[in-house]
Amino acid sequence: MEKEQLKFLLINLLALAVLQPGAVAFANFDAPYGFLKDLSTWLQAYIGAVPLVLIYTFWNREKLGKKIIGGYLIFAALLMSFSYYISKLVVADINHRFSFEDFLILCPISMVLALMLFIPSLTYIHKLYYPYDLPLIIAGILVVLAMFLVYTKLRES
């Protein structure tokens, strides 16, 4: 991979890693609602960050290439569809009229709240996750490991 592609990957992994603790704290603010609520909030927060990543992508479009940009757009669209589906499952009991527009409004709000809760959630990380959040913990660890590997590869090049 080229240096600019590694930076792009690192930015995406960093967004996932930084948004997870705050998103889980936000999802469990009132009460534990279950794994799908925590997952959907994390994905919503990441989708809220996608426009920022797209700005970076289009800023460096010559260095990244059309394949990377096209692949990322397809990935973002599939992730947005998956996240909307999960969010609709979670919210169906509360609001049966939850729409895609509502989802698009909630994504940047979730991102901002996840960023605001990042530092406080790290101080209470031992109380943050419930037992059903084990897949999220594993995913978070894998994201941080991948971030470390990409960063070391980026430093070598």
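Here, the structure is the one placed above.
Residues numbered from 1 in each chain as written. Predicted model: local features only at pLDDT ≥ 70, side-chain atom pairs only at ≥ 80, totals over all residues. Heavy atoms only, no water.

Peer 1: Would you mind showing me how to read helix H1 (residues 3-27) here?
Peer 2: Owing to its 3.6 residues per turn, the α-helix aligns residues three or four sequence positions apart on the same side. For H1, with 25 residues, the first-to-last C-alpha span of 36 Å sits near the 36 Å given by 1.5 Å per residue. At Gln 20, H1 shows its maximal bend, which comes to roughly 35°, and the proline Pro 21 appears one to four places after that position. Counting buried positions along H1 yields 18 of 25 residues, so the element is predominantly enclosed. (Helix = DSSP H or I, 4+ residues; strand = E, 2+ residues; numbered from the N terminus. Expected span 1.5 Å × (residues − 1). Bend = angle between axes of the 7 residues up to and from the residue. Buried < 20%, exposed > 50% of the residue type's maximum accessible area, 1.4 Å probe, protein only.)

Peer 1: Please clarify how the side chain of Ser 87 should be interpreted in this entry.
Peer 2: By the secondary structure assignment, Ser 87 is in helix H4 (residues 66-91). Residue Ser 87 is classed as buried on the basis of its relative accessible area of 1%. A distance of 2.8 Å separates polar atoms of two side chains, one belonging to Ser 87 and the other to Gln 44. (Polar contact = N/O pair within 3.5 Å; in protein donor to acceptor, adjacent residues only side chain to side chain.)

Peer 1: What am I meant to see in the packing of aromatic side chains here?
Peer 2: When we look at a pair of aromatic rings, we describe it by the centre distance and by the angle of the planes. Using the criterion set out here, one finds 7 aromatic pairs in the structure. With 5.1 Å between their ring centres and 80° between their planes, Phe 8 and Tyr 72 make a pair best called edge-to-face. Taken together, the residues Phe 8 in helix H1 and Tyr 72 in helix H4 connect sequence positions 64 residues apart. Owing to a relative accessible area of 8%, Phe 8 belongs among the buried residues under this scheme. The structure contains a cluster of three or more aromatic residues connected by ring pairs, namely Tyr 84, Phe 98, Phe 100 and Phe 103. (Phe/Tyr/Trp six-rings, centres within 6.5 Å; stacked < 30°, edge-to-face > 60°.)

Peer 1: What is the right way to look at the nonpolar core in this model?
Peer 2: Among soluble globular proteins, nonpolar side chains are generally buried collectively. Judged by nonpolar contacts, the single largest core of 41 residues is most densely connected at Leu 19, Trp 42, Tyr 46 and Tyr 72. Only H1, helix H2 (35-59), H4, helix H5 (100-116) and helix H8 (134-156) provide two or more residues apiece to this core. Once residues within four sequence positions are removed from consideration, Tyr 72 is found in contact with Phe 8, Asn 12, Tyr 46, Val 50, Val 53 and Leu 54. (Core = buried A, V, L, I, M, F, W, Y, C linked by side-chain atoms within 4.5 Å. Contact = heavy atoms within 4.5 Å.)

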